[in-house]
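A structural walkthrough
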Amino acid sequence: MDLDFLESMVGEAVEESPYRDTWVVVEKEGEALALVVLEMLGKARQLSDSLGVYVKAVFLGESTEKLRQEIISNGANVVYVTDDPRLSEYSTEIYSKVLGDLIEEGKPEIVLLGATSMGRDLAPRLAQRLGTALFTNCLSLEIDEMQRQLLATYPLYGGEYFQTSVCPEARPQMATVLPGAFRPPLADPGRTGEVETIAVDVDDVEVRSKVLKVVSEETCPEVPLGKAKIVVSGGRGMGDAESFALVEELAEVLDGQVGGSRGAVDEGWIGEEKRVGLGGTQIAPDLYVACGISGAIQHYAGILDSKFVVAVNKDPNATIFQVADVGIVGDVHEVLPALIKELKKTV
Amino acid sequence: MRIIVPIKQILDPSGMTVNRRAERIFINREEYIINPNDKNALEEALKLKDGQGAEVVAVTMGPERADDALREAMAMGADSAFLLTDEAFEKADISVAVTVLGKAIQKIGDYDLILAGCQAADTGAGQLGPRLAEYLGLPQITEVRELVAAGDDKVRARRNQGQGYAKVEASLPALLTIAQDANEPRYPTGAGIINAYRKWEVTVWGASDLGLEAEDLKPLTEEKRISFPPEREFGTKITGAPEETARELVQYLKAGRII
């Protein structure tokens, strides 16, 4: 291959585009930065370093000196802030106008938002306003340095497989990032950066939707077993009703639902409507924990749609271990209390 | 009150199997369905029709077989249906779909509410609602759990927000995306199904009906490749004293982002 030719191709691409830098849109969770923001800053730093450009954060809500510094410590070169009270709470119309104006002026090459409630509401609207593409729920982001393009990877069909795509021409390239997809960086408290107050022009924005009331914690009716994200089940191996309570406690610590095998139902420790397995409730949780369940085919056939299966059983040859991603060989009466204790420490 | 419900016909995901080791996707059973979340949107529209008398219009962009999705919508109770189909739409990405649906909705006109699903079961992208709202210049309320009231130029809804919810009010016309837990969609009636195919008409529009040229329909994105999640390995066992195994398991779950 002709190196001179290649070099000239790459050189042209870099010089012509006025779009530079990776921007991260900041949001809070309570009074702290949402964890996904730190994760995005780490990834933005990586992307920017490979492109030789800056990371800039846009913080439209109420920001304190401490939070601004935290953003810089986690990789941002610049933090755009505002003290305009009209921006202190999220509003679709106001945020999309302010961000739209900022982006049109600042011309970032890449803009990242969290795939959060705000991200789902704002990012597509903003992308439409800017006439650009948006990749949502990204679990991987890379730079194709030859083409100077963002390669975004996201799940299809609920995660059955992944698609990687690019946006060849429109700018900025926008992506929402799945919380937990990237690791937060190692913060460097000594890092310095700039804090810049932005000019906000929202006098003309007609706000046609308003929040009347926010209820921060809902007393939810119990999630039906079939829709539960986490299910902890107990089987005959639990021994007695009193020990079965350990299953319920483990479910509570994990914020999940309780289920039972045919054996547990027959013993009267749990109701028929909570039976998991063929003929019982169809479940498809992210995490399924089988305690004291041997794994008769009728049971395990009903749990195969689980994303991750953990089994606890004292018999190392129990069939359940063949369909568990991870199994603990041990006595449930000892393992479950230890597990509950360990989880309470971390959660 | 006129309510427009954009729906999407998708491949039924339950007819698809993925073999991670072979890195192949098998379509065991090729069947097409209305995106389940769009049915929640349709159900909210039909509830308003039942409650206060509204006109429900279903619209879809797709190949000719998407006609079936519209017949099902009518069998559930939609009053009219529009199929937007054209060879020029085949390579559409979401930005093109928004242009096509947006133009069609403007052509239908005179609407008070647009009710859409939050996301499609195939892409899971959730872009249509807010993009369409921006295109049409409408206020939006996303992830609506309960449509409380609509009328007198206003719509009031309860939307999912973090661990709880928010009560929001928007002026009409507005676009709402309806969450999956908002309702249980009704089944079409037998008479409905018969009439949907025998009596009722679906209006068909192509690119020229919508005044769209090839350059309006160019996708912004390009698909590069597909990949697969790592193969599940069963049978990893942890043994040892209870405290140790418990700790090891919790580390494992946290490392895998399972908890």
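No experiment lies behind these values; they were computed from the predicted model shown.

Spatially, six strands are ordered E15(A)-E14(A)-E16(A)-E17(A)-E18(A)-E15(B) in an open sheet, and the strand pairing comes out parallel. Of all the strands in the sheet, just strand E15 (257–260) of chain A together with strand E15 (236–238) of chain B have a single pairing partner and so form its edges. Across the sheet, the mean angle separating the axes of adjacent strands is 20° when strand polarity is ignored. Summarising the sheet, strand E14 (residues 230–234) of chain A and strand E16 (residues 287–291) of chain A pair through five bridges and their orientation is parallel. If you follow serine 233 of chain A over to E16 of chain A, its bridge partner there is alanine 290 of chain A. With respect to the sheet, helix H6 (residues 241–253) of chain A is in contact with E14, E15 and E16 of chain A, its orientation differing from that of E14 of chain A by roughly 170°. Sheet contacts for helix H6 (residues 242–255) of chain B: strand E17 (308–313) and strand E18 (326–329) of chain A together with E15 of chain B; angle to E18 of chain A, the most-contacted strand, approximately 175°.

Glancing now at the packing of helix H9 (residues 332–346) of chain A against H6 of chain B. Any two packed helices are characterised by how steeply their axes cross, that is the angle between the axes, and by the distance between the axes. One way to put it is that H9 of chain A packs onto H6 of chain B with a least axis distance of 8 Å and a crossing angle of 50°. Judged by the inter-axis angle, H9 of chain A sits oblique to H6 of chain B. Crossing handedness for the pair H9 of chain A and H6 of chain B: right-handed. Across the interface between the two elements, Glu334, Val335, Ala338, Leu339, Glu342, Leu343 and Thr346 of chain A of H9 of chain A pack against Pro242, Glu243, Thr245, Ala246, Arg247, Leu249 and Val250 of chain B of H6 of chain B.

The next subject is the interface of chain B and chain A. The partner chain A presents 66 residues to the 61 residues of chain B that form the contact. Put simply, the parts of the chain that give the side of chain B that touches chain A at least two residues each are strand E3 (16–19), helix H3 (94–108), helix H4 (128–136), strand E9 (140–151), strand E11 (164–171), strand E14 (222–227), E15 and H6 of chain B. When its residues are assigned to classes, the side of chain B that touches chain A shows 28 nonpolar, 18 polar and 15 charged. Across three bridges, the pairing between E18 of chain A and E15 of chain B is parallel. When the bridges of E15 of chain B are listed, valine 326 of chain A appears paired with threonine 236 of chain B.

Time to look at unusual backbone geometry. Most peptide bonds take the trans configuration, and most residues that are not glycine carry a negative phi. In the segment running from arginine 171 of chain A into proline 172 of chain A, the intervening peptide bond is cis, with an omega of 0°. Among the structural elements, proline 172 of chain A can be located in the loop between strand E10 (161–166) and strand E11 (173–177). For the peptide bond that leads from leucine 172 of chain B to proline 173 of chain B, omega is 0°, which places it in the cis range. Position of proline 173 of chain B among the secondary structure elements: in the loop between E11 and strand E12 (174–178).

Attention shifts here to the sheet that holds strand E5 (residues 78–81) of chain A. All names here are of chain A. In space, the seven strands of this open sheet follow the order E7-E11-E6-E1-E4-E5-E12, with parallel pairing throughout. The strands lining the two open edges of the sheet, one partner per strand, are strand E7 (134–138) and strand E12 (194–197). Each neighbouring strand pair of the sheet contributes to a mean axis angle of 20°, computed without reference to strand direction. Alignment of strand E4 (residues 55–59) against E5, held across four bridges, turns out to be parallel. Note that in E5 the partner of lysine 56 across the bridge is valine 78. In this fold helix H2 (residues 35–51) packs onto strand E1 (22–25), E4, strand E6 (110–114) and E11, with an angle of close to 175° to the strand it touches most, E1.

This part covers H2 of chain A. Along an α-helix, a turn takes 3.6 residues, which lines up residues three or four apart on a common side. End to end, H2 of chain A covers 25 Å across 17 residues, agreeing with the expected 24 Å (1.5 Å per residue, within 8%). Among the residues of H2 of chain A, those classed as buried are Val36, Val37, Leu38, Glu39, Met40, Leu41, Gly42, Lys43, Ala44, Leu47 and Ser48 of chain A.

Okay, the domain arrangement of chain A next. Structurally, chain A comprises domain 1 (18–197) and domain 2 (225–346). Centre-to-centre separation of domain 1 of chain A and domain 2 of chain A, based on C-alpha positions: 40 Å.

Right, let's talk about the nonpolar core for a bit. Residues Ile3, Val5, Ala58, Ala73 and Leu176 of chain B are the most contacted members of the largest nonpolar core, which totals 69 residues. The element that contributes the greatest number of residues to this core is H3 of chain B, accounting for eight residues. Those residues in contact with isoleucine 3 of chain B, other than ones at most four positions away along the chain, are Ala45, Leu48, Ala54, Glu55, Val56, Val57, Tyr111, Asp112, Leu113 and Leu115 of chain B. Counting residues in hydrophobic clusters, the runner-up holds 55 residues, among them Val24, Leu47, Val58 and Met174 of chain A.

Rules and cut-offs
- Residues numbered from 1 in each chain as written.
- Chains lettered and ligands numbered in written order.
- Predicted model: local features only at pLDDT ≥ 70, side-chain atom pairs only at ≥ 80, totals over all residues.
- Pairing = 2+ DSSP bridges.
- Helix = DSSP H or I, 4+ residues; strand = E, 2+ residues; numbered from the N terminus.
- Axes fitted to C-alpha atoms, helices over the stretch in contact; angles between N-to-C directions.
- Contact = placed C-beta atoms within 7 Å.
- Parallel < 35°, antiparallel > 145°, perpendicular 65-115°, else oblique.
- Left-handed = near helix turned anticlockwise from the far one by under 90°.
- Nonpolar A, V, L, I, M, F, W, Y, C, P; charged D, E, K, R; others polar.
- Expected span 1.5 Å × (residues − 1).
- Buried ≥ 20, exposed ≤ 12 C-beta atoms within 10 Å, placed from the backbone.
- Domains from an automatic or database assignment.
- Core = buried A, V, L, I, M, F, W, Y, C linked by C-beta atoms within 7 Å.

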